[in-house]
Amino acid sequence: MTTAPPPRFDRSHTDDLAGYLAASPTPYHAVAEAARRLEKAGFTRLRETDAWDATAGGRYVLRGGALIAWYVPEGSPPETPFHIVGAHTDSPNLRVKPVPDTGAHGWRQIAVEVYGGPLLNSWLDRDLGLAGRLTLRPGATRGSAGGGETRLVDVDRPLLRVPQLAIHLDRGVVTEGLKLDKQRHMTPIWGLGTVREGDLVEFLAAEAGVAAGDILGWDLMAHSVEPPAYLGRDRELLAGPRMDNLLSVHAGVAALAAAATAGTPPTRVPVLAAFDHEETGSQSDTGAEGPLLGTVLRRTVAARGGSYDDAARALAGSVCLSSDTGHAVHPNYAERHEPGHHPMPNGGPLLKVNVNQRYATDGAGRGILATACERAGVPWQSFVSNNAMPCGTTIGPITAARHGITTVDIGVAILSMHSARELCGAEDPHLLAGALAAFLTG
Ligand code: ZN
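A. Representation of the pattern of salt bridges in the model. In total, this model carries 20 salt bridges according to the counting rule given. The residue Asp214 makes a salt bridge to Arg137 at a minimum N-O spacing of 3.2 Å. Of this pair, Asp214 sits in the loop between helix H5 (199–208) and strand E10 (215–224) while Arg137 sits in the loop between strand E7 (128–136) and strand E8 (149–160); the two residues are 77 residues apart in sequence, bridging distant segments of the chain. A network of salt bridges, in which partner residues are shared, links Asp16, Glu33, Arg36 and Arg37.

Structure (structure tokens):
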């Protein structure tokens, strides 16, 4: 019998991340779980439609799949600048269409629309669950005030599968590679028998404990039910779903909770901004292009008696670390990377640079990350694209342009970005959270 090698570091943060990923199959679950964790740290919820009070402490707002949370230290004046951690809650996946019940040739299937840019092949032959939110008829549940309500639902067991065509029926797959048509080839099966309209809604009604007739709408998506797992000779890697970008949301929640208990000085207001719809361009009422962050920040100034000028002063002095995943060097495709910049898992946070403003980082931003990492005792590394490769983008440049806030794009180096199961270094989540906490608390 062999004994497992001793762990090289405290795995408690990464264990906690694995739990967060598993609890967050959709953006709605991701913000609900983040809110639960913030409440445990003493944060309370504010509703956007209510008047806001002026007291110090931790608060958050929820809107759909987005969450903005902040902590006002005792004695901080209204013009105090914000130190913001930005991230996004959504991941590429398969989402249920408005008329979901479909099928052919004795198979029952669910019609899905492709969300964002997933690696489609990674969704083949996986056991998939189904989760999201149901919109219920007003008054359908006890305590609803007649305005309708949403109910989270999570069928976290094997329910669906997108079966790959057998190689015997697709000989070209070897010579020409796998070709997938989003409309024809990505429809999951979920059983045998006759297609019946209302089948999925009835199934979900039973799961959620509501009447099928009370379900008026839904936002549902598939997820792999395989739990996150340590991987590698020394278990130095973590495999799991939705690391892009729940890894950053999780680190941001941990850093903000730490800032609320660490005696943050009154010279800054720590903020976590977790947006939805980054994978489709951020243009929504819960995306980074929307007014949510700016409105919330200005209202926190007004709630403390601040003027328009105080809010402008606060925003002018504010800084955002926009955290998202980046590409670790792939050993089988090293030529796709910039030869002098090979980010490695467990090398610490990535500074993401693109002079064409696909990332918002500049030299001053480099200094901001370097200072935070130095304070936290955390290493960091640089990412820049090979000139021959188009560069991705994120919410960083949007935050900088929309709010005029100095923004630095950072992240964590992963492999298999946009796969249904991604791969990161098991130490990096902890290193990122440390750097973010140092940035928030100063
Ligand atoms: Zn991302």
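B. Geometry of the domain arrangement of the chain. As far as domains go, the chain holds domain 1 (12–91 + 241–441) and domain 2 (93–224). Distance between the C-alpha centres of domain 1 and domain 2: 30 Å. Between domain 1 and domain 2, the buried area comes to about 1,500 Å², and carbon and sulfur atoms account for 60% of it. A per-residue breakdown of the area domain 1 buries against domain 2 is headed by Tyr28, His29 and Ala420, which together make up 35% of the total. Connecting domain 1 to domain 2 are zero salt bridges. Run the count over domain 1 and domain 2 and you get six residue pairs in polar contact (both at pLDDT 80 or more). Tallied by class, residues from the side of domain 1 that touches domain 2 come to six nonpolar, nine polar and five charged.

C. A look at the coordination of the zinc ion. Here the zinc ion is held by His88 (NE2), Asp244 (OD), Asp324 (OD) and Asp324 (OD), and the distances to it run 1.9 to 2.6 Å. Angles of 53 to 140° at the metal separate the four donor atoms of the zinc ion, which places the site in the irregular class. Site description for the zinc ion: donor spacing in sequence, H-x155-D-x79-D. Placement of the pair is His88 in strand E4 (residues 82–88) and Asp324 in strand E14 (residues 319–327), with a sequence separation of 236 residues. Judged by its relative accessible area of 4%, Asp324 falls in the buried class.

D. Inspection of the packing of aromatic side chains at higher detail. What the rule picks out here adds up to four aromatic pairs. Ring centres of Tyr359 and Phe383 lie 6.4 Å apart, and the angle between their planes is 70°; this geometry places the pair in the edge-to-face category. Of this pair, Tyr359 sits in the loop between strand E15 (350–353) and helix H9 (363–376) while Phe383 sits in strand E16 (residues 381–384), and the two are 24 residues apart along the sequence. The buried category is assigned to Phe383, whose relative accessible area is 6%.

E. Region of the structure containing helix H8 (residues 308–316). Turning to H8, its buried residues are Asp310, Ala311, Ala314 and Leu315. Around the axis of H8, the buried residues are gathered within 130° of arc, so they sit on the same side. Away from its buried face, by an angle of more than 90 degrees, H8 presents the exposed residues Tyr308 and Ala316.

F. Main features of the confidence of the model for the chain. Chain-level pLDDT for the chain is 94 on average; 96% of the residues reach the 70-or-more range. In this model residues 143–147 is a low-confidence stretch, pLDDT under 50, and it forms six contacts with partners more than four residues away in sequence or in other chains.

G. Examining the packing of helix H2 (residues 27–40) against helix H6 (residues 243–261) more closely. It is at 10 Å that the axes of H2 and H6 come closest, and there the two elements cross at 15°. What the angle tells us is that H2 and H6 run roughly parallel. Helix-helix and strand crossings are classified by hand; for H2 and H6 the assignment is right-handed. Together, Ala30, Ala34, Arg37 and Leu38 of H2 and Leu246, His250, Val253 and Leu256 of H6 make up the contact between the two elements.

What counts, and at which threshold
- Residues numbered from 1 in each chain as written.
- Predicted model: local features only at pLDDT ≥ 70, side-chain atom pairs only at ≥ 80, totals over all residues.
- Heavy atoms only, no water.
- Salt bridge = Lys/Arg side-chain N within 4 Å of Asp/Glu carboxyl O.
- Helix = DSSP H or I, 4+ residues; strand = E, 2+ residues; numbered from the N terminus.
- Domains from an automatic or database assignment.
- Buried area = accessible area lost by both parts, 1.4 Å probe.
- Polar contact = N/O pair within 3.5 Å; in protein donor to acceptor, adjacent residues only side chain to side chain.
- Nonpolar A, V, L, I, M, F, W, Y, C, P; charged D, E, K, R; others polar.
- Donors = N, O, S within 2.8 Å, 3.2 Å for Na, K, Ca; no water.
- Tetrahedral: all angles 85-135°; square planar, octahedral: opposite > 155°, others 65-115°.
- Buried < 20%, exposed > 50% of the residue type's maximum accessible area, 1.4 Å probe, protein only.
- Phe/Tyr/Trp six-rings, centres within 6.5 Å; stacked < 30°, edge-to-face > 60°.
- Arc of directions from axis to C-beta.
- pLDDT = per-residue confidence, 0-100.
- Contact = heavy atoms within 4.5 Å.
- Axes fitted to C-alpha atoms, helices over the stretch in contact; angles between N-to-C directions.
- Parallel < 35°, antiparallel > 145°, perpendicular 65-115°, else oblique.
- Left-handed = near helix turned anticlockwise from the far one by under 90°.

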